[in-house]
Amino acid sequence: MVLSSLPTYISTRGASPEVDFAGALLAGVAPDGGLYVPRVWPRLPENVAGQGGDATAQAAAVLSPFIGEALPAGALDRATARLSDQFAHRDIAPLVEVAPGLFMLELFHGPTAAFKDYAMQMVAVLAETALSASDERLLLVTATSGDTGAAAVRAFGGMERIDLVVLHPLGRVSPVQRLQMTTTGAANVVNLAVRGDFDDCQRMVKALLKDPELRAARRLSSVNSINWARLAGQIPYYASAARALGAEAGQATYVVPTGNFGDAFAGWGARRMGLPMAGLVAATNCNDALVRALETGVYEQVRARPTASVSMDVQAPSNFERLVFEASGRDADLTRGLFEDFARDGRITLPDDLRTALRREVSAVSVSEAETAREITRTWTECGRVICPHTAVALHAARRLDRTAGPVVALSTAHPAKFPEAVEAALGFAPERPPRLEGLEGLSERFKTVDPTLESVLAAIDLPR
Ligand SMILES: *Cc1c(COP(=O)(O)O)cnc(C)c1O
């Protein structure tokens with residue numbers, strides 16, 4: 001008997017039915033509260049980091065074993081074609097050497113100038129295709145501190161089977177980020193500015209996802225990096241970096257600016273699939289729950305402090321659960337126990353053997369605000385490049401590593417023009433805007449301002465059912 005190619009996904013908490021790629025994509029979180037991971041990690045196709053093929057072909061080769069026959073033929077090619085259509089750089093994610101042996105992987109050439117465009121652009125096409133195949137509609141709700149919402153609005157705007165509700169904290173996203181969300185004119189997007197902070201937005205999203213009336217009326221999901229499809233969609237650029245490094249790729253260390261640990265977990269996944277690399281470093285700002293967990297074994301949720309790298313002001317990185325599951329030898333009972341306790345108490349102590357295992361998989365360092373600002377200045381004066389504060393966190397951590405052992409690659413996650421205040425504070429001038437960020441101010445904005453209550457939010461979501 002020939003088995004059809006249908007890769008499946010299991011929950012990190014072990015109590016959900018297996019689903020295929022489309023099921024994981026449309027569900028977001030597993031029903032038991034866990035996160036989906038592949039039941040079996042596929043191997044990267046032979047020589048994927050070698051020569052030949054363009055960046056979109058390489059992305060398709062990396063993603064194809066995750067999808068198998070779960071989506072109609074042609075879906076993946078249409079998804080990866082969006083990378084070449086929508087990205088402003090021929091290489092999509094170019095690798096540039098900024099000092100001998102020190103590289104930046106530029107992930108900000110997409111339509112909203114942050115790395116989240118890369119996966120989101122593809123996920124939107126894959127989701128629309130999955131919904132056509134099952135003749136369904138989907139309501140996506142997402143909270144954002146700026147970049148996720150902008151990338152989602154650009155990716156999902158105009159989709160026929162998807163409605164998108166984005167909640168951002170009123171007055172707390174940068175003007176560029178707000179304009180990117182509110183000026184597209186897409187009829188299937190509802191922007192809500194919540195009188196509150198990011199935590200209020202996230203609380204509202206959780207309340208919406210649980211609301212019985214809404215659930216009865218609509219299929220609901222979310223598009224942050226708990227969604228497996230978004231994580232998978234970030235694996236290809238590690239392979240493209242390896243290809244650009246050539247013979248040295250196996251000695252490379254990747255330094256990933258980290259908030260929810262999605263981008264870093266994608267790097268972990270690339271290595272798990274066989275991509276050669278020497279190390280993986282998660283670099284946080286002063287919101288360092290992950291660093292403390294690996295150092296002390298205590299994983300504790302404290303209130304996030306505002307920093308210049310706003311997209312990394314995360315106090316409980318959601319994808320840490322995936323790393324714990326994998327590092328524990330896929331112990332779903334242990335993972336469920338730990339993260340149910342964490343949800344209840346906001347604090348857990350990791351068993352010693354688990355902490356040791358986690359430290360074998362990834363290292364984590366935190367970078368202060370002063371170091372971030374100094375790195376922006378240093379990269380400008382020494383390398384002639386203006387970088388965003390998130391990139392600065394990674395590049396600062398990267399400089400601490402020994403580069404005689406092999407190349408060090410810092411992921412550059414946003415264009416500096418998205419964060420002009422932080423750049424101007426460090427350099428005394430504002431970064432130049434690339435063409436795709438120009439002209440936003442002239443467009444008319446559409447958003448509704450709501451109170452941080454479920455009633456207020458529900459009243460504002462006036463979508464056809
Ligand atoms: C979201 C974001 C990050 C953090 O990515 P995670 O996957 O949440 O760790 C880093 N930099 C920028 C610019 C971002 O938008």
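In this report, we go over the structure that sits alongside the text. The structure displayed is predicted, hence computed values, not measured ones. (Residues numbered from 1 in each chain as written. Predicted model: local features only at pLDDT ≥ 70, side-chain atom pairs only at ≥ 80, totals over all residues. Heavy atoms only, no water.)

What to know about the nonpolar core
Step number 1: F21, F66, F156, W228, Y254 and F320 are the most contacted members of the largest nonpolar core, which totals 107 residues.
Step number 2: W228 has contacts with Y9, F21, A24, Y36, V37, P38, W41, F66 and R322, leaving out every residue within four places of it along the chain. (Core = buried A, V, L, I, M, F, W, Y, C linked by side-chain atoms within 4.5 Å. Buried < 20%, exposed > 50% of the residue type's maximum accessible area, 1.4 Å probe, protein only. Contact = heavy atoms within 4.5 Å.)

A word on the sheet that holds strand β11 (residues 279–284)
Step number 1: Read across the sheet, six strands follow the order β4-β5-β15-β10-β11-β14 without closing on themselves; strand pairing throughout is mixed. Only two strands of the sheet have a single neighbouring strand rather than two, namely β4 (95–99) and β14 (363–366). Put simply, the sheet's adjacent strands are angled 30 degrees from each other on average, direction ignored.
Step number 2: In this fold helix α11 (residues 262–272) packs onto β10 (253–257), β11 and β15 (408–412), with an angle of close to 175 degrees to the strand it touches most, β11.
Step number 3: With respect to the sheet, helix α12 (residues 289–296) is in contact with β11 and β14, its orientation differing from that of β14 by roughly 125 degrees. (Pairing = 2+ DSSP bridges. Helix = DSSP H or I, 4+ residues; strand = E, 2+ residues; numbered from the N terminus. Axes fitted to C-alpha atoms, helices over the stretch in contact; angles between N-to-C directions.)

A closer look at the site of the ligand
Step number 1: Every one of the 15 residues lining the ligand counts as a neighbour, but K116, D147, G259, N260 and T413 are closest to it.
Step number 2: In this structure, D147 approaches the ligand through a side-chain N or O atom, which is 2.6 Å from an oxygen atom.
Step number 3: For the ligand, an oxygen atom lies 3.0 Å from a polar atom in the backbone of F261.
Step number 4: Surface burial for the ligand is 97%, taken as the share of its 380 Å² of free accessible area covered by protein chains. (Near = heavy atom within 4 Å. Polar contact = N/O pair within 3.5 Å; in protein donor to acceptor, adjacent residues only side chain to side chain. Areas by Shrake-Rupley, 256 points an atom, 1.4 Å probe, with all protein chains shown as cover.)

Here's the deal with the pattern of salt bridges
Any two side chains of opposite charge can pair, so long as their charged atoms come close to each other.
Step number 1: Tallying each qualifying case throughout the model produces 23 salt bridges.
Step number 2: A salt bridge links D333 to R336; its shortest N-O distance comes to 3.1 Å. Placement of the pair is D333 and R336 together in helix α14 (residues 332–345), with a separation of three residues, close to one helical turn.
Step number 3: Exposure remark for D333: the relative accessible area of 55% places this residue in the exposed category.
Step number 4: Residue R336 is classed as partly exposed on the basis of its relative accessible area, which comes to 25%. (Salt bridge = Lys/Arg side-chain N within 4 Å of Asp/Glu carboxyl O.)

Observations concerning the packing of aromatic side chains
Step number 1: Going through the model one piece at a time under the given rule, you end up with 18 aromatic pairs.
Step number 2: Taking the centre distance of 5.8 Å and the plane angle of 75 degrees together, the rings of W41 and W228 count as edge-to-face. Note that W41 is positioned in the loop between β3 (36–38) and α2 (55–67) and W228 in helix α9 (residues 228–232), a separation of 187 residues in sequence.
Step number 3: Every member of this aromatic cluster is reached through a ring pair, and the members are Y9, F21, W41, F66, W228, F265 and W268. (Phe/Tyr/Trp six-rings, centres within 6.5 Å; stacked < 30°, edge-to-face > 60°.)

On their own, these measurements won't tell you what the molecule is for.
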